[in-house]
Amino acid sequence: MFHIAIVDDDQSIHQKLEEMITSILFKYPIHFTVSHFFSGNEFLTNKDTFSLIILDIEMNDGDGILTKNSLEVHTPIIFLSSYQDRMIEAFGNHVIAYLLKNSHTLSQDLERYLIQISKTDCIYLDNQIIDYKEIIYLKADNVYTIIHTYNKDYLIRKSLKDMEKELHFPFYRVHKSYIINFDYLKDINHLELTLTTSEIIKISRGKLKDIQQSYYDYIRSTL
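Each chain has its residues counted from 1, following the order in which its sequence is written. Two thresholds apply to this predicted model, a pLDDT of at least 70 for residue-level local features and 80 or more for giving and counting side-chain atom pairs, whereas whole-chain, interface and lining totals are computed over all residues. No hydrogens and no water enter the side-chain calculation; it runs on all heavy atoms of the structure.

Q: Break down the side chain of Asn181 for me, citing the residues and quoting the values.
A: Numbering of helices and strands runs from the N terminus, with a helix taken as a DSSP run of H or I at least four residues long and a strand as a DSSP run of E at least two residues long. Among the structural elements, Asn181 can be located in strand S14 (residues 178-181). Residue Asn181 is classed as buried on the basis of its relative accessible area, which comes to 1%. We define a polar contact as two N or O atoms separated by no more than 3.5 Å, with the added condition that, inside protein, one atom must be a possible hydrogen donor and the other a possible acceptor, whereas residues neighbouring each other in sequence contribute only through side-chain atom pairs. In this structure the side chain of Asn181 is engaged in a polar contact, spanning 2.9 Å, whose partner is the backbone oxygen of Ile135. Categorising residues by exposure relies on relative accessible area from a 1.4 Å probe, with only protein chains included: less than 20% of the type maximum marks a residue as buried, more than 50% marks it as exposed, and the intermediate range marks it as partly exposed.

And the structure:
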């Protein structure tokens, strides 16, 4: 279920957004639910898990940016505002868009992001969406993880252990410091893996059989 939180102190904005969301997602179709919060504090005390947060910048009881900074979850955020002057300040971890309430393209912009976010095979980082297909491997870097793609490396403040919980086939943890994408695996031996990019990844001692079996299971699942 695609669960959306709207956090805004204006009842009319809630109604307008839910009508837009319903109209957009009904076309695909995507099963969804919308929860309404009229203050940052009300939202922060809620324990539900959300797929997307639509967050007002300026509310009567507080600031949307402060609400974002208080979040302990890694959920994509779309900021909504009547003004452009806080756009630069608003962006940061997990913020994927800054939309204007009075924009004539609000519905089209919202549709673009809703469809992107409803696809589960993505990682959301700042204002960027990284498709799983682009990821070659992930590498641990203390409390961070380096996401390595063909074009560039991304640094996300999340441990490799946490990333492992979120990922599924074709990703597999081959070493305490590495998760690889099986789609880029070229060769395996008892000490290391060779990727299609010619990069070499070490494997954990005694894990060779598990890696081989998991890779075999993955290949069979794609046939």
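Now, onward.
Q: Report on the packing of aromatic side chains, specifying residues and quantitative values.
A: Here the aromatic set is Phe, Tyr and Trp, taking the six-membered ring for Trp, and pairing holds for ring centres within 6.5 Å; pairs whose planes are under 30 degrees apart are stacked, those over 60 apart are edge-to-face, and all others are tilted. This structure, assessed with the given rule, holds 8 aromatic pairs. Plain terms: the ring middles of Phe43 and Phe50 are 5.7 Å apart, the flat faces sit at 40° to each other, and that makes the pair tilted. Of the two residues, Phe43 and Phe50, both sit in the buried class. Three or more aromatic residues joined by ring pairs make a cluster, and in this case those are Phe37, Phe43 and Phe50. Note that Arg112 overlies the ring of Tyr113, its terminal NZ or CZ placed 4.6 Å from the centroid. Counting as a charge over the ring demands two things of the Lys NZ or Arg CZ atom: a distance within 6 Å of the ring centre and an angle within 35 degrees of the ring normal.

Q: Could you give an account of the sheet that holds strand S7 (residues 95-100), naming the residues involved and the relevant values?
A: For sheets, the rule is that strands pair by backbone hydrogen bonds, running either parallel or antiparallel. By the convention used here, strands pair only if DSSP detects at least 2 bridges between them. Read across the sheet, 5 strands follow the order S2-S1-S3-S6-S7 without closing on themselves; strand pairing throughout is parallel. Across the chains shown, the open sheet's two edge strands, defined by having one partner strand only, are strand S2 (32-37) and S7. Neighbouring strand axes in the sheet, compared pairwise and without regard to direction, differ in orientation by 20° on average. Together, strand S1 (2-7), S2, strand S3 (52-56) and strand S6 (77-81) form the strand contacts of helix H1 (residues 11-26), whose direction differs from that of S2 by roughly 170°. Contacting S1, S3, S6 and S7, helix H5 (residues 106-118) runs over the sheet at an angle of about 165° to S7. Under this scheme, a helix contributes an axis fitted over its contacting stretch, all axes are lines through C-alpha atoms, and angles between N-to-C directions fall in the 0 to 180 degree range. In this analysis, two residues are considered to be in contact whenever any of their non-hydrogen atoms come within 4.5 Å of each other.

Q: Which residues make up the nonpolar core, and what are the values?
A: Among the nonpolar cores identified, the biggest contains 23 residues, and Ile4, Ile21, Ile78, Leu110 and Leu114 are the most heavily contacted of them. Residue assignment for this core shows that the elements contributing at least two residues are S1, H1, S3, S6, S7 and H5. If we skip the residues at most four places from it in the chain, Leu110 touches Leu17, Met20, Ile21, Ile24, Ile54, Ile78 and Leu99. Take the buried residues of types Ala, Val, Leu, Ile, Met, Phe, Trp, Tyr and Cys, join any two whose side-chain atoms come within 4.5 Å, and each joined set is a nonpolar core. The next biggest cluster of nonpolar side chains, apart from the first, holds 16 residues, and it includes Phe50, Ile77, Ala90 and Tyr98.

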